[in-house]
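Each chain, written out:
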Amino acid sequence: MTTMTAAGDAAHTRHHWWQHRTLSRFLRHRLAATGLAIILMLTLACLLGPHLLPYDELTVDLRARFSPPLTQDHYLGTDPLGRDIAARLLMAGRISLLVGFSVMLISTVFGTLIGVVAGYFRGWVGSVLMRIVDAFLAFPSIFLVLVLSAFVEPSPFMITVIIALTCWMEIARIVEAEILSLRERDFTIAARLSGASARWIMFRELVPNAMGPIIVAATLTIANAILLEAYISFLGYGIQPPLPSWGNMLNSAQQYLADAPWLAIVPGITITLAVSSFNFIGDGLRDALDSRSNLP
Amino acid sequence: MGRYLIGRLGQSIIVLFLVSLIGFMILNLAPGGPLSQFALTPGMSQADIQRIAAQMGLDRPLIIQYFDWLGRLLVGDWGDSFRDGRPVLEIIIEHLWATLLLMGTSMAVSIVIGIGVGIAGAVRRYSVFDYLATVGAMVALSIPTFWFGLVAIYLFALQLDWLPAGSMTTIGDGSVVDYLRHLILPTLVLSLVNVAIWSRYMRASTLEVLDQDFVRTARAKGLSRYRVLVHHIVRNALLPMITLAGLQLPTILGGALVAETVFTWPGMGRLFLDSIGYSDYPVVMGILMLSAIFVLLGNLLADLLVAITDPRVRLA
């Protein structure tokens, strides 16, 4: 704990000094580094890939339907409408990854805001805010997301907002706990005594020092958001066809499981790969940013 | 202990109140609000709908409507299903036991396996087993549950033909063995994530206890390794798991919904999804509220158990 206090106070003056160490510690975490490489490659493939493939994701070719992988130019086969799965997978990746990142941004900003205000003001403001967090946590997130997406027009934007609505509570909790301890530190007291406003102390002093846990939680939120999008799109309430997403590509997979298993295998493995990469990155960041794990 | 419990109970009641507020807001978000069932009825004019709204008291201020709705919720009047006009609570309870059976089995399985793997990983820290368990848990947490279900159906039902692909019984066969055979795959799918979570937490909790002075004392007294492990380490490492069991409830409920959908298991999750499909909002709201209440009660019970078993909480 003492190392953490020292690190926290030193980080307040200038935190560039640990950046190098954090980076090397992160890269030493082999699984996290692999995860980062996979995500970079996947993002690149989703951005460039569709331009390089011979088919686009919407071209229907009923003569070529249910082609297994490696049939002619259909590297990953075709779906029940004869559309190229490789092209759909990469275009779906754009949507699914974008939803994941956007959810992360929205819920991290919102959760941090709630957590900082609750942790800084404490008292009844803090209690009310944290009880609201508890109330949202009481609903299983899939239930909440399904209800809301059934009630609104399920555009990618609305899906993102709805998923973000069920992802901010963890971050708010983590930030509140962190702020509660940071607000008693000397640098906060010094800032308060020198007449800094509450807003200055919250966003210039406290939040920058809570950045480590926030970044870790944000990374894990991406993983969670991609999974949630996949769940609701699989159930038919998420991203709507013809727009492909990793979840809705699995939509018809159960129906054709016996004859065309690749319909299920290809998107499923991609989702697992992407989500586990983000989880490993989050794990590596936790080790790299946590000054308590200084030990080898 | 009394003060702690009263404080905790008060907190739960406030959260429950907020939960009902969120539920009411969602209900009013439904297209057409609580009157959506009439929106598609042919021959129903705008004037008719307004008349019904006035009759049902929907023209009153929202705050009054809310307390009216809450009052009826508290006395067990949860409205009637749009689909067949039966009371919501009756329909939900009909489906509840199938979900509880699935959740109970899965929780038992995942607690036993997860705790075993967690202890083994902590005791043999950094061994090959520990490494595989850690990576395996991380991947298990990343597999979409429904997709794992599809893979399980493909392997065990379609290719190997060992187990049924879905539903709860074979028609015309009501034997216990038949029930059990249908239970295996959904349990497997629902348990995947939970085994991963339980093993991670149990490993961390065991490692924390391993470093403590009383463990060293026990070893120094010359107690056998087995005795130290079971009576000193595991007993203490299990305490935080009680809280975890409470916190995991929403995850398990959500997982049950997915597993029930893939395996056409006739439980509450499937009812929920069907009801959304039929725009049967009273049932949807009923399940949403019931699961939130269930989760809050679970958490309260977990805290109560911790207070009973762990004197540190009681005296704090």
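Residues numbered from 1 in each chain as written. Chains lettered and ligands numbered in written order. Predicted model: local features only at pLDDT ≥ 70, side-chain atom pairs only at ≥ 80, totals over all residues. Heavy atoms only, no water.

**Quick look at the overall build of chain A**
Moving on, step 1. Secondary structure assignment for chain A yields twelve helices and zero strands.
Moving on, step 2. Shown N-terminal to C-terminal, the secondary structure of chain A runs as helices and strands in the order α-α-α-α-α-α-α-α-α-α-α-α.
Moving on, step 3. Expressed as a percentage of its 296 residues, the buried residues of chain A come to 53%.
Moving on, step 4. Relative to all contacts within chain A whose residues are 6 or more apart in sequence, the contacts with residues 24 or more apart total 70%. (Helix = DSSP H or I, 4+ residues; strand = E, 2+ residues; numbered from the N terminus. Buried < 20%, exposed > 50% of the residue type's maximum accessible area, 1.4 Å probe, protein only. Contact = heavy atoms within 4.5 Å.)

**Quick look at the overall build of chain B**
Moving on, step 1. When its secondary structure is counted, chain B shows 15 helices and zero strands.
Moving on, step 2. With the C-alpha coordinates of chain B rotated into their principal frame, the extents come out at 85 × 60 × 35 Å.
Moving on, step 3. Here chain B holds 316 residues, and 46% of them are scored as buried.
Moving on, step 4. A separation threshold of at least 6 residues defines the contact pool for chain B, and within that pool the share at least 24 residues apart is 72%.
Moving on, step 5. For chain B, the computed accessible surface area is about 15900 Å², with 67% contributed by carbon and sulfur atoms.
Moving on, step 6. One way to put it: in chain B the 21 positive side-chain charges average out to a point 17 Å from where the 20 negative ones average out. (Areas by Shrake-Rupley, 256 points an atom, 1.4 Å probe, with all protein chains shown as cover. Lys, Arg positive; Asp, Glu negative; His and termini not counted. Charge placed at Lys NZ, Arg CZ, Asp CG, Glu CD.)

**Details of the interface of chain B and chain A**
Moving on, step 1. Facing the 44 residues of chain B at the interface are 41 residues of chain A.
Moving on, step 2. Approximately 4000 Å² of surface area, both sides summed, lies buried where chain B meets chain A, with 82% of it carried by carbon and sulfur atoms.
Moving on, step 3. For the chain B face of the interface with chain A, the top three residues by lost area are Met-138, Phe-146 and Trp-147 of chain B, together amounting to 16%.
Moving on, step 4. Our count for the contact surface shared by chain B and chain A stands at zero salt bridges.
Moving on, step 5. Applying the counting criterion to the chain B and chain A interface returns five residue pairs in polar contact (both at pLDDT 80 or more).
Moving on, step 6. Here the side of chain B that touches chain A is composed, by residue class, of 37 nonpolar, seven polar and no charged. (Buried area = accessible area lost by both parts, 1.4 Å probe. Salt bridge = Lys/Arg side-chain N within 4 Å of Asp/Glu carboxyl O. Polar contact = N/O pair within 3.5 Å; in protein donor to acceptor, adjacent residues only side chain to side chain. Nonpolar A, V, L, I, M, F, W, Y, C, P; charged D, E, K, R; others polar.)

**Concerning the environment of Ile-95 of chain A**
All names here are of chain A.
Moving on, step 1. With respect to the element layout, Ile-95 can be found in helix 4 (residues 85-121).
Moving on, step 2. Separated by 172 residues in sequence, Ile-95 and Pro-267 have C-alpha atoms that sit 13 Å apart.
Moving on, step 3. Beyond its immediate chain neighbours, meaning those up to four positions away, Ile-95 contacts Ile-239, Leu-243, Pro-244 and Ser-245.

**Some details on the domain arrangement of chain B**
Residues and elements named next belong to chain B.
Moving on, step 1. Here chain B is partitioned into domain 1 (2-74) and domain 2 (88-309).
Moving on, step 2. Its C-alpha centre places domain 1 at a distance of 33 Å from the equivalent point of domain 2.
Moving on, step 3. Between domain 1 and domain 2, the contact holds 17 residues from the first and twelve residues from the second.
Moving on, step 4. Taken together, both faces of the contact between domain 1 and domain 2 bury some 1200 Å²; the carbon and sulfur share is 84%.
Moving on, step 5. Here domain 1 is connected to domain 2 by one salt bridge.
Moving on, step 6. Asp-303 is the partner of Arg-8 in a salt bridge, and the nearest nitrogen-oxygen pair spans 2.3 Å.
Moving on, step 7. Counting across the domain 1 and domain 2 interface gives one residue pair in polar contact (both at pLDDT 80 or more).
Moving on, step 8. Those elements that place two or more of their residues in the side of domain 1 that touches domain 2 are helix 1 (2-29) and helix 4 (62-74).
Moving on, step 9. Looking at the side of domain 1 that touches domain 2, the element that brings in the most residues is helix 1, giving twelve residues.
Moving on, step 10. Residues that form the side of domain 1 that touches domain 2 fall into these classes: twelve nonpolar, four polar and one charged. (Domains from an automatic or database assignment.)

**So, helix 7 (residues 156-165) of chain A**
Moving on, step 1. Among the residues of helix 7 of chain A, those classed as buried are Ile-159, Thr-160, Ile-162, Ile-163 and Ala-164 of chain A.
Moving on, step 2. The elements touched by buried residues of helix 7 of chain A are helix 4, helix 6 (141-151), helix 8 (168-182) and helix 11 (211-234) of chain A.

**Some thoughts on the environment of Phe-110 of chain A**
All names here are of chain A.
Moving on, step 1. Topologically, Phe-110 is positioned in helix 4.
Moving on, step 2. Owing to a relative accessible area of 37%, Phe-110 belongs among the partly exposed residues under this scheme.
Moving on, step 3. Through-space distance from the C-alpha of Phe-110 to that of Arg-30 is 32 Å; in sequence the pair is 80 residues apart.

**So, the packing of helix 3 (residues 30-52) of chain A against helix 4 of chain A**
All names here are of chain A.
Moving on, step 1. At their nearest, the axes of helix 3 and helix 4 sit 8 Å apart, and the two run at 140° to each other. Looking at the two axes, helix 3 sits oblique to helix 4. By crossing handedness, the relation of helix 3 to helix 4 is classed as left-handed. Across the interface between the two elements, Thr-43, Ala-45, Cys-46, Leu-47, Gly-49, Pro-50 and His-51 of helix 3 pack against Leu-90, Met-91, Gly-93, Arg-94 and Leu-97 of helix 4. (Axes fitted to C-alpha atoms, helices over the stretch in contact; angles between N-to-C directions. Parallel < 35°, antiparallel > 145°, perpendicular 65-115°, else oblique. Left-handed = near helix turned anticlockwise from the far one by under 90°.)

**Observations concerning empty space enclosed by the protein**
Residues and elements named next belong to chain B.
Moving on, step 1. Under the criterion given, the structure shown has one cavity of 30 Å³ or more.
Moving on, step 2. In this structure, the largest cavity occupies an estimated 50 Å³ of space.
Moving on, step 3. Lining the largest cavity, in full, are Val-117, Gly-118, Gly-121, Asp-130, Ala-133, Thr-134, Ala-137, Ser-199, Arg-200 and Arg-203.
Moving on, step 4. Every element with two or more residues in the lining of the largest cavity is listed here: helix 5 (88-123), helix 6 (128-142) and helix 8 (176-210).
Moving on, step 5. When grouped by side-chain class, the residues that make up the lining of the largest cavity number three nonpolar, four polar and three charged. (1 Å grid on protein atoms, 1.4 Å probe; cavity = no way out; pocket = protein on both sides within 12 Å on 5 of 7 lines; lining within 4 Å. Points joined across faces, edges and corners; volume = space filled by probe spheres on them.)

**Here we look at the pattern of salt bridges**
Residues and elements named next belong to chain B.
Moving on, step 1. Under the defined criterion, the tally for this structure stands at twelve salt bridges over all chains.
Moving on, step 2. A salt bridge links Arg-86 to Glu-94, with the nearest nitrogen and oxygen atoms 2.4 Å apart.
Moving on, step 3. One salt bridge in this structure joins Asp-213 and Arg-216, with 3.1 Å as the shortest N-O distance. Note that Asp-213 and Arg-216 are positioned in helix 9 (residues 213-220) at a spacing of three residues, about one turn of the helix. One exposure class covers both Asp-213 and Arg-216, and it is exposed.

**Brief notes about the nonpolar core**
Moving on, step 1. Formed by 152 residues in total, the largest nonpolar core has its most connected members in Leu-146, Ile-163 and Trp-246 of chain A together with Val-19, Ile-26, Phe-146 and Phe-272 of chain B.
Moving on, step 2. When residues in this core are grouped by element, the largest group, 13 residues, is from helix 4 of chain A.
Moving on, step 3. Residue contributions to this core reach at least three from each of two domains, namely domain 1 (2-74) and domain 2 (88-309) of chain B.
Moving on, step 4. Ignoring anything within four residues of it in the chain, the contact list for Ile-26 of chain B reads Leu-144, Val-147, Leu-148 and Phe-151 of chain A together with Met-285 and Leu-288 of chain B.
Moving on, step 5. Val-175, Ile-179, Leu-182 and Met-202 of chain A belong to the second largest nonpolar core, which has 15 residues in total. (Core = buried A, V, L, I, M, F, W, Y, C linked by side-chain atoms within 4.5 Å.)

**Describing the packing of helix 8 of chain B against helix 12 (residues 249-262) of chain B**
All names here are of chain B.
Moving on, step 1. One way to put it is that helix 8 packs onto helix 12 with a least axis distance of 10 Å and a crossing angle of 145°. Of the two possible hands of crossing, helix 8 and helix 12 adopt the one that is right-handed. Across the interface between the two elements, Pro-186, Leu-190 and Asn-194 from helix 8 touch Ile-252, Gly-255, Ala-256 and Ala-259 from helix 12.
Moving on, step 2. Considered class by class, the residues forming the contact of helix 8 with helix 12 number five nonpolar, two polar and no charged.

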